[in-house]
Amino acid sequence: MTATALALLCATTGMAQEPKLKAATMRYVFEQWAQDHNITQASFIALYQGKAIGEPLNADFPIELASLSKAITAICAAQIIEEGMWSVQTTSADVLGTGPEGITVGELITHTAGIGPDGTQGIRWLWRDTNVPLSVEVANAALDRDPDQSGAYAYNNENYAILGQMISVALNAPYAEACTARALTAAGVTTAEPSSVMGGTLPWGGWSMSARDYAHFQYYWFGPQGAYSAGSPPALRVDFANGAAYGLGMFERNVANHRNFWHFGAWCMPLRLNTGAFAVIWQGEWSVVATYDACIDEGAMIALDAALSKVVYGR
């Protein structure tokens, strides 16, 4: 073998090994973070360019998606717009025949509809262990209040409860059926189902699937070949501090020449259910999902994001 060929082989091998090394390092960093936060049950998977890389951790067990469910609902609604049944300006009153005028699909997706305060926060424990859809109850309660018309971003589960009910009414089909067909099947997801614990909250927090499937779902839609790789459509995202935006159930931001997407999810009900999940796409190449059996604070979330992103970016 010539020196040139040997050098090329070494370079190629090094290039092939770098993503595997990063994936292994991310898992190690995550496990150290989990240990620091007294987490006993966790899952982790990294996809690189759409394929699982390294050694996943419990990636094929069902997990509680909590607010990671919102991306499923948002993409489902976006596909209904693509089909021509809705526009961004279609309102909840148009579809449901009730509630204030002027609350649009675009505003519900981006949490700018003025719905508030979030009535789901104080009664979540009542919803445990039921798959009875709660969208009608939550949507009606939210639409019974006069919205704030400022157009400001205010994260609220009720926006997605209303969207879920709109989807079901518009398509004359159960929400789960309509959104599986529009958001999950094409992405190759096979394990998605209503959570056995929180399934009644499906449109805003009640989906369950494997970490592997969720990684493929987000890569399919937000990865480099996905319909939203460049970001959510301008009419379906809202910009806020530090260059970040909220779009189709994901936070997003431009970094260098690519768009990053991320979201945390959590169910925090002491003595009943404490669980969380983190999903992110970095550099248009990495799709990472990590879950844990704890309700962590914002500082711990920031620490997890920072620790994993340092591996990807090397800084």
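As the structure is a prediction and not an experimental result, all values here were calculated from the model. (Residues numbered from 1 in each chain as written. Predicted model: local features only at pLDDT ≥ 70, side-chain atom pairs only at ≥ 80, totals over all residues. Heavy atoms only, no water.)

## Remarks on the side chain of S232
Within the secondary structure, S232 is located in the loop between α8 (211–222) and β6 (238–239). Within the structure, S232 has its side chain in polar contact with the side chain of E252 (distance 2.7 Å). Sequence-distant contacts of S232, that is, excluding residues within four places in its chain, are made with R237, G247, L248 and E252. (Helix = DSSP H or I, 4+ residues; strand = E, 2+ residues; numbered from the N terminus. Polar contact = N/O pair within 3.5 Å; in protein donor to acceptor, adjacent residues only side chain to side chain. Contact = heavy atoms within 4.5 Å.)

## Topic: the packing of helix α5 (residues 135–143) against helix α6 (residues 157–171)
Helix-helix packing is characterised by the crossing angle of the two axes and by the distance between the axes. Two elements in contact, α5 and α6, have axes separated by 8 Å at closest approach and are oriented at 120 degrees. In terms of orientation, α5 and α6 fall into the oblique class. For the pair α5 and α6, the sense of crossing is left-handed. The segment α5 lies against α6, with S135, V136, V138, A139, A142 and L143 engaging E158, A161, I162 and Q165. Residues that form the contact of α5 with α6 fall into these classes: seven nonpolar, two polar and one charged. (Axes fitted to C-alpha atoms, helices over the stretch in contact; angles between N-to-C directions. Parallel < 35°, antiparallel > 145°, perpendicular 65-115°, else oblique. Left-handed = near helix turned anticlockwise from the far one by under 90°. Nonpolar A, V, L, I, M, F, W, Y, C, P; charged D, E, K, R; others polar.)

## Here's the deal with the sheet that holds strand β2 (residues 51–52)
Across a sheet, strands are paired by hydrogen bonds formed along the backbone, either parallel or antiparallel in direction. Strands sit in the order β2-β1-β11-β10-β9-β8-β7-β6 across an open sheet of eight strands; the sheet is antiparallel. This sheet does not close on itself; its edge strands, each paired only once, are β2 and β6. The pairing of strand β7 (residues 245–246) with strand β8 (residues 251–255) spans two bridges and is classified as antiparallel. Of the residues in β8, the one forming a bridge with A245 is E252. Where α8 meets the sheet, its contacts fall on β1 (42–48), β2, β9 (258–269), β10 (273–282) and β11 (286–292), and the angle it forms with β11 comes to roughly 145 degrees. (Pairing = 2+ DSSP bridges.)

## A few points about the pattern of salt bridges
Counted by the stated rule, this structure contains six salt bridges. Between E83 and R182 there is a salt bridge whose closest N-O contact spans 3.0 Å. Of this pair, E83 sits in the loop between α2 (69–82) and α3 (92–96) while R182 sits in helix α7 (residues 175–184), and the two are 99 residues apart along the sequence. Using a relative accessible area of 22% as the deciding quantity, one classes R182 as partly exposed. (Salt bridge = Lys/Arg side-chain N within 4 Å of Asp/Glu carboxyl O. Buried < 20%, exposed > 50% of the residue type's maximum accessible area, 1.4 Å probe, protein only.)

## Points about α2
The periodicity of an α-helix, 3.6 residues per turn, causes residues three or four places apart in sequence to face the same way. Here α2 contains 14 residues, and its C-alpha end-to-end distance of 20 Å stays within 8% of the 20 Å for a straight helix at 1.5 Å per residue. Positioned one or two residues after α2, G84 has a phi angle of 90 degrees, which is positive. (Expected span 1.5 Å × (residues − 1).)

## Section: the packing of α2 against α7
Packing of α2 against α7 brings their axes to within 8 Å, and their N-to-C directions diverge by 80 degrees. Classified by the interaxial angle, the pair formed by α2 and α7 is roughly perpendicular. Taken together, the residues of α7 that come into contact with α2 (itself represented by I72, T73, I75, C76, Q79 and I80) are Y175, A178, C179, R182, A183 and L184. Residues of the contact of α2 with α7, tallied by class, amount to nine nonpolar, two polar and one charged.

## Some points on the side chain of T73
Within the secondary structure, T73 sits in helix α2. Judged by its relative accessible area of 0%, T73 falls in the buried class. Setting aside chain neighbours within four positions, we find T73 in contact with Y160, L163, G164, I167, Y175 and P203.

## Looking at the sheet that holds strand β3 (residues 62–64)
Strand order in this open sheet of three strands is β3-β5-β4, and the pairing throughout is antiparallel. Among the strands making up the open sheet, the edge pair consists of β3 and β4 (193–194). Strand direction decides the pairing type here: β4 and strand β5 (residues 207–210), joined by two bridges, are antiparallel. Each bridged residue has a counterpart across the sheet, and for P194 the counterpart in β5 is W207. Packed on one face of the sheet, α8 meets β3 and β5 and runs near 100 degrees to β5.

## Concerning the pairing of β10
Within a regular strand, the side chains alternate between the two sheet faces. Burial of β10 is extensive: nine of the ten residues sit out of reach of the surface. Pairing of β9 with β10, which is carried by nine bridges, proceeds in the antiparallel orientation. Of the residues in β10, the one forming a bridge with C268 is N274. The loop that links β9 with its antiparallel partner β10 comprises three residues; one of these, L271, has a positive phi angle of about 70 degrees. Alignment of β10 against β11, held across seven bridges, turns out to be antiparallel. By the bridge assignment for β11, I281 is matched with S287. A loop of three residues connects β10 with β11, the two strands running antiparallel in sequence, and Q283 in this loop sits at a positive phi of about 60 degrees.

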